[in-house]
Amino acid sequence: MSYEAHFRVWRGDIDGGALHDFTVEVNEGEVVLDIIHRIQATQAPDLAVRWNCKAGKCGSCSAEINGWPRLMCMTRMSIFSPEEIITITPLRTFPVIRDLVTDVSFNFKKAQAVPSFTPPKELQPGEYRMQQVDVERSQEFRKCIECFLCQTVCHVIRDHEENKPSFAGPRFLMRIAELDMHPLDVADRKDLAQDEHGLGYCNITKCCTEVCPEHIKITDNALIPMKERVMTRKYDPLIWLGRKIARRS
Amino acid sequence: MTTTERHSYDVLVIGAGGAGLRAAIEARQQGLKTAIITKSLFGKAHTVMAEGGAAAAMGNVNSNDSWKVHFCDTMRGGKFLNNPRMAELHAKESPDRVWELETYGALFDRTPEGKINQRNFGGHEYPRLAHVGDRTGLELIRTLQQKIVSMQQEDLAEFGDAEARIKVFAECSIIELLKDGGAISGAFGYWRETGEYVLFDAPAVVLATGGIGKSYKITSNSWEYTGDGHALALRAGATLINMEFIQFHPTGMVWPPSVKGILVTESVRGDGGVLRNSEGKRFMFNYIPEVFKTQYATTEEEGDRWYTDPENNKRPPELLPRDEVARAINSEVKAGRGSPHGGVFLDVSTRMTPEQIIKRLPSMHHQFKELADVDITAEPMEVGPTCHYIMGGIEVDADTQQSRVTGLYAAGEVSGGMHGSNRLGGNSLSDLLVFGRRAGLHAAEYVRRLGTKRPAVSDTDVEAVRTWATAPLNATGKDTENPYDLHAELQQCMNELVGIIRKETEVSSALAQLDVLAERYTKVAVSGGRAFNPGWHLAMDLRNMLLVSRCVATAALERTESRGGHTREEHPAMDPTWRKINLVLAAAEGGKVDLDRKPVPTIRPDLLALFDKAELKKYLTTEELATAGEEASQ
Ligand SMILES: Cc1cc2nc3c(=O)[nH]c(=O)nc-3n(C[C@H](O)[C@H](O)[C@H](O)COP(=O)(O)OP(=O)(O)OC[C@H]3O[C@@H](n4cnc5c(N)ncnc54)[C@H](O)[C@@H]3O)c2cc1C
Ligand code: SF4
Ligand code: SF4
Ligand code: FES
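What counts and what doesn't
- Residues numbered from 1 in each chain as written.
- Chains lettered and ligands numbered in written order.
- Predicted model: local features only at pLDDT ≥ 70, side-chain atom pairs only at ≥ 80, totals over all residues.
- Heavy atoms only, no water.
- Helix = DSSP H or I, 4+ residues; strand = E, 2+ residues; numbered from the N terminus.
- Rg over C-alpha atoms; globule rule 2.2 N^0.38 Å.
- Buried < 20%, exposed > 50% of the residue type's maximum accessible area, 1.4 Å probe, protein only.
- Contact = heavy atoms within 4.5 Å.
- Areas by Shrake-Rupley, 256 points an atom, 1.4 Å probe, with all protein chains shown as cover.
- Lys, Arg positive; Asp, Glu negative; His and termini not counted.
- Charge placed at Lys NZ, Arg CZ, Asp CG, Glu CD.
- Domains from an automatic or database assignment.
- Buried area = accessible area lost by both parts, 1.4 Å probe.
- Salt bridge = Lys/Arg side-chain N within 4 Å of Asp/Glu carboxyl O.
- Polar contact = N/O pair within 3.5 Å; in protein donor to acceptor, adjacent residues only side chain to side chain.
- Near = heavy atom within 4 Å.
- Nonpolar A, V, L, I, M, F, W, Y, C, P; charged D, E, K, R; others polar.
- 1 Å grid on protein atoms, 1.4 Å probe; cavity = no way out; pocket = protein on both sides within 12 Å on 5 of 7 lines; lining within 4 Å.
- Points joined across faces, edges and corners; volume = space filled by probe spheres on them.
- Pairing = 2+ DSSP bridges.
- Axes fitted to C-alpha atoms, helices over the stretch in contact; angles between N-to-C directions.
- Core = buried A, V, L, I, M, F, W, Y, C linked by side-chain atoms within 4.5 Å.

(A) Layout of the overall build of chain B. When you go through chain B residue by residue, the secondary structure sums to 19 helices and 20 strands. Whereas a compact globule of 634 residues would reach a radius of gyration of roughly 26 Å, chain B reaches 24 Å, a difference of no more than 12%. Once the C-alpha set of chain B is aligned to its principal axes, its extents read approximately 75 × 60 × 55 Å. Burial status across chain B gives 66% buried among its 634 residues. Excluding contacts between residues fewer than 6 apart, the proportion of contacts in chain B whose partners are at least 24 apart in sequence is 73%. Accessible area of chain B: about 20,800 Å², with a carbon and sulfur share of 50%. Mean positive and mean negative side-chain charge positions of chain B (72 and 85 charges, respectively) differ by 1 Å.

(B) Geometry of the domain arrangement of chain A. All names here are of chain A. Per the domain assignment, the segments making up chain A are domain 1 (3–102) and domain 2 (105–248). Using C-alpha coordinates to define each centre, domain 1 is positioned 32 Å away from domain 2. Counting residues at the interface gives 16 residues for domain 1, matched by 18 residues for domain 2. Both sides of the domain 1 and domain 2 interface together cover about 1,300 Å² of buried area, and 56% of this is carbon and sulfur. When residues of domain 1 are sorted by the area they lose upon contact with domain 2, Pro69, Thr93 and Phe94 head the list and together hold 43% of the total. Taken together, the links from domain 1 to domain 2 amount to two salt bridges. When the shortest N-O distance is used, the salt bridge between Arg158 and Glu64 registers 2.8 Å. Applying the counting rule to domain 1 against domain 2 returns seven residue pairs in polar contact (both at pLDDT 80 or more). Mapped onto the side of domain 1 that touches domain 2, the elements with two or more residues apiece are β3 (62–65) and β4 (68–71). In terms of residue count, the dominant contributor to the side of domain 1 that touches domain 2 is β4 (four residues).

(C) Broad picture of the site of ligand 2. All names here are of chain A. Residues in contact with ligand 2, as listed here, are Cys154, His155, Pro170, Cys202, Asn203, Ile204, Thr205, Lys206, Cys207, Cys208, Thr219 and Leu223. Taken together, the elements giving at least two residues each to the shell around ligand 2 come down to α8 (207–211) and α9 (218–235). The residue inventory of the shell around ligand 2, partitioned by class, reads seven nonpolar, four polar and one charged.

(D) A look at the site of ligand 3. Residues in close proximity to ligand 3 include Cys144, Ile145, Glu146, Cys147, Phe148, Cys150, Met174, Cys212, Pro213 and Ile218 of chain A, which together make up its full environment. Looking at the shell around ligand 3 residue by residue, the classes come out as nine nonpolar, no polar and one charged.

(E) Inspection of the interface of chain A and chain B at higher detail. Contacts between the two partners involve 61 residues from chain A and, on the opposite side, 63 residues from chain B. A buried area of about 5,000 Å², summed over both sides, lies between chain A and chain B, and 53% of it is on carbon and sulfur atoms. When the shortest N-O distance is used, the salt bridge between Glu139 of chain B and Arg142 of chain A registers 2.7 Å. Joining chain A to chain B, the criterion identifies 39 residue pairs in polar contact (both at pLDDT 80 or more). Ranked by residues supplied to the side of chain A that touches chain B, first place goes to helix α3 (residues 132–141) of chain A with five residues. In the side of chain A that touches chain B, the residues fall into 31 nonpolar, 14 polar and 16 charged.

(F) Representation of the layout of surface pockets in the model. In this structure, the second largest pocket encloses a volume near 840 Å³. Taken together, 37 residues make up the lining of the second largest pocket; nearest its centre are Lys143 of chain A together with Asp134, Ile358, Lys359 and Pro362 of chain B. Counting only elements with at least two residues in the lining of the second largest pocket, the list comes to α3 of chain A together with α9 (354–360) and α10 (362–372) of chain B. Per-element tally for the lining of the second largest pocket: the top contributor is α10 of chain B, with seven residues. For the lining of the second largest pocket, the per-class residue count stands at 11 nonpolar, 11 polar and 15 charged.

(G) Structural context of the sheet that holds strand β10 (residues 197–201) of chain B. Residues and elements named next belong to chain B. Sheet architecture is open: four strands sit in the order β1-β10-β9-β8, paired in mixed fashion. On the outer flanks of this sheet lie β1 (5–8) and β8 (172–180), each paired with one strand and no other. Neighbour to neighbour, the strand axes of the sheet diverge by 25° on average, direction disregarded. Relative to β10, strand β9 (residues 183–191) is paired through five bridges, and the arrangement is antiparallel.

(H) Layout of the nonpolar core. Of all hydrophobic cores here, the largest spans 261 residues; its most connected members are Phe7, Ile36, Met72, Met77 and Ile88 of chain A together with Leu177 and Leu207 of chain B. At 14 residues, helix α15 (residues 534–558) of chain B tops the list of elements feeding residues into this core. Shared between two domains, this core takes at least three residues from each, and those domains are domain 1 (3–102) and domain 2 (105–248) of chain A. Beyond its immediate chain neighbours, meaning those up to four positions away, Leu207 of chain B contacts Ile14, Leu177, Gly229, Leu232, Ala233, Ile394, Leu408, Tyr409, Ala410, Ala411 and Val414 of chain B. Listed in part, the five residues of the second largest apolar core include Leu81, Phe245, Tyr389 and Met391 of chain B.

(I) View of the environment of Pro183 of chain A. Position of Pro183 of chain A relative to the elements: it lies in the loop between α6 (170–180) and α7 (190–195). Using a relative accessible area of 35% as the deciding quantity, one classes Pro183 of chain A as partly exposed. Separated by 53 residues in the primary sequence, Pro183 of chain A and Met130 of chain A have C-alpha atoms spaced 6.8 Å apart. Contact partners of Pro183 of chain A, with chain neighbours within four places excluded, come to Met130, Asp134 and Val135 of chain A together with Leu107 of chain B.

(J) Summary view of the pairing of strand β1 (residues 3–13) of chain A. Residue and element names in this part refer to chain A. As judged from the 11 bridges shared by β1 and strand β2 (residues 16–26), these two strands associate in the antiparallel manner. Looking at the pairing, Trp10 lines up with Leu19 of β2. Here β1 folds back onto β2 in antiparallel fashion, the turn holding two residues. Where β1 lies against strand β5 (residues 85–89), four bridges are found, and the strand directions are parallel. By the bridge assignment for β5, Val9 is matched with Ile88.

Shown next, in the form of structure tokens:
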């Protein structure tokens, strides 16, 4: 069953832009990205949009659909009624490049600031032994497709440019948790999480978890446990003493 | 002349998928200044979509496995057309490449002893695929990406500049390679974001641009797969081999129409999924070809027992190599025994509990629920063949990955030879790692040997590319062509006329249509400006798609036999004399291609001795068998 849908798509660049109206055909089983592609092929050939896999696997096609951060390729048209006006805007937290494409370099910079996986020095390739139960916690976080929807929704930076330098966002706080929970990682990133990456800014509103297309329990499984790890360390006198001594030596 | 942004590197890696990233890591570890260029963002390359796993004979699940068994499986899968040296290196080196990933931070699923778990896949004799649920490609990409970040952190500490020795140029497309005489001198491209041009000086280029699937209408491939590397190499004077061999994956989604082609991982069958037709019959038992008769179960009961007792039973025919399964599905549908939307049924709900399915096949469960309203824990999926992988690619030296052009290397899906006429599932991810590393290594050695005498970029060449690239933006007048229309027509043509079953008349008519499309392409025009203009990007990619499609069709017309990913309706049998022949393509005047027949590299006697005589009989000519026999008896 086909019908004509009413789309409003934001078009413009860093200097400004506006919502443009399109009336466009929709067929059974289609997703929002199909409709955007149809607009491109028939009405606005230079409409800028990022996408790769069209299967929810690469995290390229993030946008805000009726104000809600989503993957365009995984948003089926059937969730809207045919009369509904569907508004598509670029991710609000990042500077726009053109139309639906934003400059997400913030995220790559934050990724570079998280100290990498550090295995025990003497451990040889092929000799890594880990139990399934122990890898599962970090594996959950490694499902992340870096769509940055959690980053765009988090209120700490959504309308607060000034917080960006001191806050890594849920995606990269989760990366720290992932490494912290890796059974064979020997580095310690707890202070860094708190002091450099702004774990303390997070007040566990769980908005990030709600938008995650991979259904990763970012807040419950990564951020809250990470906060606990940082806290135990801070208030545990023995740990505190241990660190003092280690630093001196 | 306008000034162009210009960079100078030792090694230029074009492509940020598994092959490109592994090549770049190696070149940088060799101490060379390395650039990675990718059309999309860092970490989004096509490799991210790989699901099932990476094949490596580590023997963690079945200790009978070894590189020799893996080598034999690979040759069998490719119907003995593989470059045997590549298949050998791949089988020998892939375990080390997978273990290395753990040192970069990868977290594979584990066996009870805590080793990397391995799963069954079509054509592999033992459980061999290292995996993470059904998102192995994501793990691979992220791991390599994070390894590069870690090297950048080292460089930041050492030089105060994270990008001192390795830099990623994301959303940057290369449109031409540059040469000085016979040797590579650099590459020219544009930034997608701004549309500005950019020039790289570099004596060595590693092409790792992936495949060509976007020339087909129904495909599991992403928009990046426009055959850029294949075409760049051709235009630079390199050659392509095996271009007639395209893998149609047997199980793509068939409904709803907008997701047609999206992959349903082979793990579904590896983990126990069965294929049925509309009559409820497990039809694969009727399609076991002669060459595989002794390796597969002939009754459902035996096939079922294999899942729990693989030592004493043979595997079910659902796990035959992909070309066999794809053709079988095609035949069932043609015979009127298909599912309502033109596929067949794939059911995993009868063998596993809903909990097991969600655990082992999470993204499949998610994909069907979200895109098709199908709950795979309770009902069957509808599946059908989809254009998935090209075996053909740049002809390279097996050990060094160098093409016929000095300084030009290729690895991953863009290179040819390793997989012969058909690739086994899981053999691509390991291929990326093994040959990505080798390409990076040998490119680095070449640059080191060169010293300071480097080939130079010619300004005239640069100017010519610039003029060509800018043309569609300036084209005016009534008589212009829209790139989206041309693309849709090309996809239709290739899908219908050079698809899974090929006929002489149809392939010839495809070539005629390609002539017409190439002519119309000279009038391509786009509207809008240069900043992030997808219409313009497509217009440039189309040139590559047209050229590569011509290679596929030309080779498909020439090969009058059926083998692996090439099935000719009039020539349904495999012909041992054709086994000895590689079809080699080179660029000719006016966008045309030349075709040449060259011998397939011979299989070393010690490698040939790994097969039993009876099996070799199915593939080799009588003369070859005679010599093989002599050598074996010496
Ligand atoms: C859905 C799916 C599932 C799969 N599952 C498996 C599996 O389980 N196991 C397995 O072994 N194989 C699998 N494969 C196959 C495998 O994923 C691919 O063959 C492999 O990932 C290709 O990797 P690559 O490094 O060669 O190229 P890619 O990962 O495709 O990377 C190509 C890179 O080149 C860049 N590029 C291309 N053209 C240009 C240009 N002109 N300028 C600049 N950059 C350019 C792209 O941006 C990209 O970064 C699967 C494939 C698909 C589609
Ligand atoms: S839970 Fe924390 S990180 Fe997530 S959106 Fe809320 S404040 Fe941001
Ligand atoms: S955690 Fe989820 S929402 Fe955030 S980037 Fe990763 S996949 Fe996207
Ligand atoms: S296009 Fe890859 S997630 Fe949507």
